[in-house]
Number of protein chains: 4
Amino acid sequence: MKAARLYEYDPAMNVELKIEDVPPPTITAPNEVVVKVGAAGLCRTDLHIIEGVWKDIMDTQGSLLPYVMGHENAGWVEDVGSAVTSVKPGDAVICHPFQSCGICLNCRYGHDMYCDHGTFPGLGIDGGFAEYFKTSESSLIKLNTGITPLSVAPMADAGITAYRAAKKAARLSYPGSWTVLLGIGGLGHIALQCLKHISGGRVIAVDREPAAQKLAKDLGADVVLDGGPDLIEQVKDITGGGAHVVIDFVGELGVENICWKLLRQGGELIMVGYGGKIEIPTLDLVANEIKIGGSLVGDYIELVELMELNADGKVMMHQTEYKLANINQAIDDFKNRRFTGRGVIVP
Amino acid sequence: MKAARLYEYDPAMNVELKIEDVPPPTITAPNEVVVKVGAAGLCRTDLHIIEGVWKDIMDTQGSLLPYVMGHENAGWVEDVGSAVTSVKPGDAVICHPFQSCGICLNCRYGHDMYCDHGTFPGLGIDGGFAEYFKTSESSLIKLNTGITPLSVAPMADAGITAYRAAKKAARLSYPGSWTVLLGIGGLGHIALQCLKHISGGRVIAVDREPAAQKLAKDLGADVVLDGGPDLIEQVKDITGGGAHVVIDFVGELGVENICWKLLRQGGELIMVGYGGKIEIPTLDLVANEIKIGGSLVGDYIELVELMELNADGKVMMHQTEYKLANINQAIDDFKNRRFTGRGVIVP
Amino acid sequence: MKAARLYEYDPAMNVELKIEDVPPPTITAPNEVVVKVGAAGLCRTDLHIIEGVWKDIMDTQGSLLPYVMGHENAGWVEDVGSAVTSVKPGDAVICHPFQSCGICLNCRYGHDMYCDHGTFPGLGIDGGFAEYFKTSESSLIKLNTGITPLSVAPMADAGITAYRAAKKAARLSYPGSWTVLLGIGGLGHIALQCLKHISGGRVIAVDREPAAQKLAKDLGADVVLDGGPDLIEQVKDITGGGAHVVIDFVGELGVENICWKLLRQGGELIMVGYGGKIEIPTLDLVANEIKIGGSLVGDYIELVELMELNADGKVMMHQTEYKLANINQAIDDFKNRRFTGRGVIVP
Amino acid sequence: MKAARLYEYDPAMNVELKIEDVPPPTITAPNEVVVKVGAAGLCRTDLHIIEGVWKDIMDTQGSLLPYVMGHENAGWVEDVGSAVTSVKPGDAVICHPFQSCGICLNCRYGHDMYCDHGTFPGLGIDGGFAEYFKTSESSLIKLNTGITPLSVAPMADAGITAYRAAKKAARLSYPGSWTVLLGIGGLGHIALQCLKHISGGRVIAVDREPAAQKLAKDLGADVVLDGGPDLIEQVKDITGGGAHVVIDFVGELGVENICWKLLRQGGELIMVGYGGKIEIPTLDLVANEIKIGGSLVGDYIELVELMELNADGKVMMHQTEYKLANINQAIDDFKNRRFTGRGVIVP
Ligand SMILES: [Zn+2]
Ligand SMILES: [Zn+2]
Ligand SMILES: [Zn+2]
Ligand SMILES: [Zn+2]
Ligand SMILES: [Zn+2]
Ligand SMILES: [Zn+2]
Ligand SMILES: [Zn+2]
Ligand SMILES: [Zn+2]
Ligand SMILES: [Zn+2]
Ligand SMILES: [Zn+2]
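If you're wondering where the values come from, they're calculated on a predicted model, not measured in any experiment.

Enquirer: Residue-level account of the coordination of the zinc ion (ligand 10), with values.
Expert: Residue and element names in this part refer to chain D. Protein coordination at the zinc ion (ligand 10): the donors are Cys 101 (SG), Cys 104 (SG), Cys 107 (SG) and Cys 115 (SG), at 2.3 to 2.4 Å from the metal. Coordination at the zinc ion (ligand 10) comes from four donor atoms whose angles at the metal span 102 to 118 degrees, giving a geometry best classed as tetrahedral. Residue classification places Cys 104 among the buried positions, given a relative accessible area of 6%.

Enquirer: For the sheet that holds strand E13 (residues 263–271) of chain B, give the residues involved together with the corresponding values.
Expert: With respect to topology, 12 strands assemble into an open sheet ordered E11(B)-E10(B)-E9(B)-E12(B)-E13(B)-E15(B)-E15(C)-E13(C)-E12(C)-E9(C)-E10(C)-E11(C), the strand pairing being mixed. Strand pairing shows two members of the sheet lacking a second neighbour, strand E11 (223–225) of chain B together with strand E11 (223–225) of chain C, which therefore form its edges. If you compare each strand with its neighbour and ignore which way they point, the axes differ by 15 degrees on average. Pairing of strand E9 (residues 178–182) of chain C with strand E12 (residues 243–248) of chain C involves four bridges; the strand directions are parallel. By the bridge assignment, Thr 179 of chain C is partnered in E12 of chain C with Val 245 of chain C. Along the sheet, helix H6 (residues 188–198) of chain C makes contact with E9, strand E10 (202–206) and E12 of chain C, crossing E9 of chain C at roughly 165 degrees.

Enquirer: Tell me about the interface of chain A and chain C, and please be specific about residues and values.
Expert: Of the residues lining the interface, 14 residues belong to chain A; the matching set on chain C comes to 14 residues. Buried surface at the junction of chain A and chain C, summed over both partners, amounts to about 1300 Å²; 63% is from carbon and sulfur atoms. The largest share of the area that chain A buries against chain C comes from Ile 103, Arg 108 and Tyr 109 of chain A, three residues that together contribute 45% of it. At the junction of chain A and chain C, the tally comes to two salt bridges. Its salt-bridge partner being Arg 108 of chain A, residue Asp 112 of chain C comes within 3.6 Å of it at the nearest N-O pair. Applying the counting criterion to the chain A and chain C interface returns four residue pairs in polar contact (both at pLDDT 80 or more). When contributions to the side of chain A that touches chain C are tallied by element, the ones reaching two or more residues are helix H3 (105–108) and helix H10 (300–311) of chain A. No other element matches H10 of chain A, which puts four residues into the side of chain A that touches chain C. Grouping the amino acids of the side of chain A that touches chain C by side-chain chemistry returns seven nonpolar, three polar and four charged.

Enquirer: Help me get a handle on the interface of chain D and chain A, residues and values and all.
Expert: Each partner contributes residues to the interface: chain D has 35 residues there, and chain A has 35 residues. Each partner contributes to the roughly 2800 Å² buried at the junction of chain D and chain A, and carbon and sulfur atoms together form 57% of this total. The largest contributions to the chain D side of the interface with chain A come from Thr 282, Val 286 and Glu 289 of chain D, which together make up 23% of the buried area. For Glu 289 of chain D, the salt bridge is made with Arg 164 of chain A, and the minimal N-O distance between the two is 2.7 Å. Where chain D packs against chain A, one counts 21 residue pairs in polar contact (both at pLDDT 80 or more).

Enquirer: Which residues make up the relation of the copies chain D and chain A, and what are the values?
Expert: The two copies are related by a screw motion: chain D maps onto chain A through a turn of 180 degrees and a shift of 0.0 Å along the axis, at an RMSD of 0.0 Å. Such a combination of turn and shift is consistent with a two-fold rotation axis. Both copies contact each other with a shared surface, as 100% of the interface residues of chain D are interface residues in chain A too.

Enquirer: How would you sum up the domain arrangement of chain A? Please name residues and give values.
Expert: Residues and elements named next belong to chain A. Domain boundaries assigned for chain A yield domain 1 (2–157 + 298–346) and domain 2 (161–294). Placing the centre of domain 1 and that of domain 2 at their C-alpha centroids yields a distance of 28 Å. The interface of domain 1 with domain 2 comprises 15 residues on the first partner and 13 residues on the second. Summing both sides of the interface, domain 1 and domain 2 together bury roughly 1400 Å²; the carbon and sulfur share of this comes to 56%. On the domain 1 side of the interface with domain 2, the three residues burying the most area are Glu 302, Lys 314 and His 318, jointly 29% of the side's total.

Enquirer: An account of the coordination of the zinc ion (ligand 6) is needed here, citing residue identities and associated values.
Expert: All names here are of chain C. Taken together, Cys 43 (SG), His 71 (NE2), Glu 72 (OE) and Asp 157 (OD) make up the protein donors of the zinc ion (ligand 6), found 1.7 to 2.3 Å from the metal. Site description for the zinc ion (ligand 6): donor spacing in sequence, C-x27-H-E-x84-D. Residue classification places His 71 among the buried positions, given a relative accessible area of 3%. Judged by its relative accessible area of 0%, Glu 72 is buried.

Enquirer: Outline the packing of helix H5 (residues 158–171) of chain B against helix H6 (residues 188–198) of chain B, supporting the account with residue identities and numerical values.
Expert: Residue and element names in this part refer to chain B. Between H5 and H6, the least distance of the axes is 8 Å, while the angle of their chain directions is 40 degrees. Taken together, H5 and H6 sit at an angle that is classed as oblique. By crossing handedness, the relation of H5 to H6 is classed as right-handed. Residues Gly 159, Ala 162, Tyr 163, Ala 166, Lys 167, Ala 169 and Ala 170 of H5 form the contact with H6, whose own contacting residues are Ile 190, Ala 191, Cys 194, Leu 195 and Ile 198. Residue composition of the contact of H5 with H6, grouped by class: 10 nonpolar, one polar and one charged.

Enquirer: Mind laying out the pattern of salt bridges, listing which residues take part and the relevant values?
Expert: All chains considered together, the criterion is met by 83 salt bridges over all chains. Here the salt bridges do not stand alone but share partners, grouping Arg 164, Lys 168, Asp 299 and Glu 302 of chain A together with Glu 289 of chain D into one network.

Enquirer: Outline empty space enclosed by the protein, supporting the account with residue identities and numerical values.
Expert: Within the structure shown, the criterion is met by nine cavities of 30 Å³ or more. Taken as a whole, the largest cavity spans an internal volume of roughly 50 Å³. For the lining of the largest cavity, a count of residues per class yields five nonpolar, five polar and no charged.

How each quantity is defined
- Residues numbered from 1 in each chain as written.
- Chains lettered and ligands numbered in written order.
- Predicted model: local features only at pLDDT ≥ 70, side-chain atom pairs only at ≥ 80, totals over all residues.
- Heavy atoms only, no water.
- Donors = N, O, S within 2.8 Å, 3.2 Å for Na, K, Ca; no water.
- Tetrahedral: all angles 85-135°; square planar, octahedral: opposite > 155°, others 65-115°.
- Buried < 20%, exposed > 50% of the residue type's maximum accessible area, 1.4 Å probe, protein only.
- Pairing = 2+ DSSP bridges.
- Helix = DSSP H or I, 4+ residues; strand = E, 2+ residues; numbered from the N terminus.
- Axes fitted to C-alpha atoms, helices over the stretch in contact; angles between N-to-C directions.
- Contact = heavy atoms within 4.5 Å.
- Buried area = accessible area lost by both parts, 1.4 Å probe.
- Salt bridge = Lys/Arg side-chain N within 4 Å of Asp/Glu carboxyl O.
- Polar contact = N/O pair within 3.5 Å; in protein donor to acceptor, adjacent residues only side chain to side chain.
- Nonpolar A, V, L, I, M, F, W, Y, C, P; charged D, E, K, R; others polar.
- Least-squares fit on C-alpha atoms with pLDDT ≥ 70 in both.
- Domains from an automatic or database assignment.
- Parallel < 35°, antiparallel > 145°, perpendicular 65-115°, else oblique.
- Left-handed = near helix turned anticlockwise from the far one by under 90°.
- 1 Å grid on protein atoms, 1.4 Å probe; cavity = no way out; pocket = protein on both sides within 12 Å on 5 of 7 lines; lining within 4 Å.
- Points joined across faces, edges and corners; volume = space filled by probe spheres on them.

Here it is as structure tokens:
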């Protein structure tokens, strides 16, 4: 099969993936499933992998390369292991990115992403920038009637990360409350749609880019701001003292120490982006009784729920498609912000 | 001032309210507020009062009559007691129907309706079918800019009863889950709008009346059913085994023993209507692990939240207006179902 | 191996299990585990099986008999399938009674007992009244150091049913609140211990038997009542208006229509026992805003948590032991209430 | 009446309170209550007031002095305003430290401490280091039978701050989970008792002082540690990867950047102490999905609940008593750590 493989890490990213013919994956355990890839989302994590950021975590032996990236996959079941009963060849599916064990206590508590024994196709083993890739039965969700793999692939990671954060925010929201979204990109535009459909609260969308501001307005943001130097004062004015919830999709470049200053007493910050360092006096935490919490990739059932929102027409992915043969062009366009929303690779 | 007063109870309802001149209420305690009535909703409870249903609860001494009904009130502050600071004459307000004490433990836990020492204008003392009525500061909510008392008065009781039930349902809902609403009348059409804006779940609206069915469809119900003899089977088919939540706005006429049969394992029934008797084998409760709970009038903050949804244009009251002088016509039309939605009395 | 097998159903229970030599179970699928039985709890469900109550559910083909009952099992791992990694031969384990699939949506939401594809050793297939029985990896919990299978076997079903109900009650409790337990038998005495350790609320234990009353007092009940005709009045007096929570372990014999009358406004009934029929006017549900809900066997993680309480010395099973050879005596003693707490069969 | 009054701020604390005769407070508004002081807790906040720390917040006009400190008060009702109905002269009461308005939206949501219009006797106006002080009806809780003001006064602030944090921790705990308490002083020893009675989880108590370690052991801590340089490693070992919850009663001196490193993935830090600054990379927040939140003084109902735990004998204050005439000695002993637990002033 055709696959795009990475041959070396390069912090400067002056490397290209090689498009080559490799043997397709085959079933070797009873719970495995081979998926014919319909589409695979291109993620900032893929850039970080190329840069070597993940080398010490996912490639400790230095034996991973060459390998196939791609962890936001959707397609059709091609072959199944002997124990698989919930899907059959031909079924259209989206793939939760993480293969959790289902047995450890974290899994039993429903915390898929804390699994003690998980594997991550597209990071630690071959992924979906290819015609086929292999995962396990418990990662698969059958698509609703009329939904194509191409229309949803990035939901598998970008989508559920945004949905998980939005769901946390919705639990803290109520009619009349205010949630601020910092960054209306690939994740932020999904979180905005989710919030407008699962919560009765109000949303302030903040982004420096006019295109993102327009998208936010189109998707129903109650207020759109450009994130200038008056942001804190603007938010306090609009909300009557501060936001009830803030979701920070940036997490660096100084935003990480503005975000929590947008909160009112009792408010909560949900941090999705990363890179920077929060510095907060304990007095501010206590006197304002605010909370600051990180948010990871969503669990399996969060992908199930997001796919239902998508099937109901409530949450849609804005994306740009590239042929697998043009994946290096897609990566270059992504690095240089030549498209908005999400890039998607189609084999 | 002009007021419509009830002079006698009559189970057959062959009595009319008298429109007469009476002295307006005056401030006699520091926390009191006199409100110039903008509009007052006409409620099924008013019919019950006339019939004498509430006599043993609200008029135990037999000394209440003649008095002024009307417990769904909105208007403008006319006069305030010496301790009142949060509103001033001229402010447009809606009035929570119950004057809770704010001091008892139930009040402190936020359960306004369980207050040990509450009073109920329009039931146990004079209410709002008049030019003025008296309540207390802690029952008042200032209207958002641009909202008129006339457009929201029935929110004060019908609205928050529906919202409280919808809020309970929303907590049990998630994208892909199903809530069934039984009865799309004055309360049901509000609950439907609330659910579609505060929850990502799906809603099945059930009503025998074609006009109510059309309203449900217009307001965004995912499925509308006519409540025929196949209802249980229809709901099980559509939902794949039963609803996650059912709200029963009827509660009698046999509906009370159909409602809980619509639930799936782990599902919950929220009962708002009443009159009938539920008969359920404990085995059905346990084996299906279903839950059945009553739901009362909403608390003060639930009226606050509902007014925010209304200000955002998400939840609107469908109503028909009558002059105070025509209140007996309004009552007659209500009894004979000559209007849909809610009747509202305007002084 | 030795096993006690049932050869025929008899509503009058004039049958005995046959103690005979049968081939031990063997591994036939990669996730299976054979357990050497250390002890197996004797349950009222076993009596119902003999009576034929479960025939239409678990033996629809009429091909189940002869078979081995026993669904409350603990012991040591004897053999494991090829995919099993979390336990190894020699490990002391307790067995969740239900083999859930881990794949269906109910399983993924953590609702093990709602699994679409579960099997139930000791009901629908051979169980633990034998030297060995077979279950699956995902049902097993390793025992804490120093805990023996014999001391905990009935925790596997009686224990977690009580714990699940107690956990629901604890979520509704707070210091100063009152929970009423109706029935301090095999389940009730566990629920009482759980509540006293996971909630700061107060507990009223109700049982007609003096021995059960004494046990309740010893285990820390704040008040012990005998369940006489004044029960409702007594509870209202002690609690200042009614209980916040009631757990009914009886569910029949008239108790099912006393239990919900013990609640205060906003209170909740948790029904565990069954057999009777609740008859409740919808007006009582609504005006008092009370809730009535069934409660099933606990999930896997509830057994994990209960085993931690047991390891900490907080919750202990009161039981009487019988040799497997004497199982018919144990059944007879159980029917005739010749022991208190739980009977346990030891191979 | 006798009262201890502060005449000047001094960062070096080389000032003494003057014990002098002043006119007792009198009722001037309908909801006011004069309380005959039974006891008043001495708080670190009192030291901060003397140092001038609160001058810019509570004495912006510079007109407060001379005044009476003391915000942890219990005693007997002496006189009541005309609108007061829930207490009468002679009733033994404990006083929530904050006089909230009961009308603003924060109050209606039950967030007493976020009240838009509150006052704080003992900080911004005269408090309880005197024979009498004045508060309002809505701050009072009648003592349970047999409870004396002397035995509970510091519960009014130190107690509920600890209880609020413990209650948050309990909601995150379950049998088998681990909570770490950093600092077993006036607040920590209350939180420990609370946790052992309202949660089934395990507790690790950490304090450098041998006396505090002994107290922790006596009060039921599962593990007691001395907070040495290996603390993080010790906690990870004992808990199998990190604590589920940490409550930091220190919040400075470097502890504020050790506390969150004790958490496991998904864990939560509750910060009560303050003074230091947290510095945390957003990557740590996100990858471990941990949460960090401040915790304030408890609300009115939290004091109600704590008094119930106290009445049940579950939570007791360890304290040392001083006559009002010796308050300067008490302050000196407090500064120099000459007593453990809490100091209490008795008029
Ligand atoms: Zn990704
Ligand atoms: Zn796992
Ligand atoms: Zn970066
Ligand atoms: Zn009404
Ligand atoms: Zn009250
Ligand atoms: Zn059993
Ligand atoms: Zn399943
Ligand atoms: Zn029975
Ligand atoms: Zn204090
Ligand atoms: Zn307030």
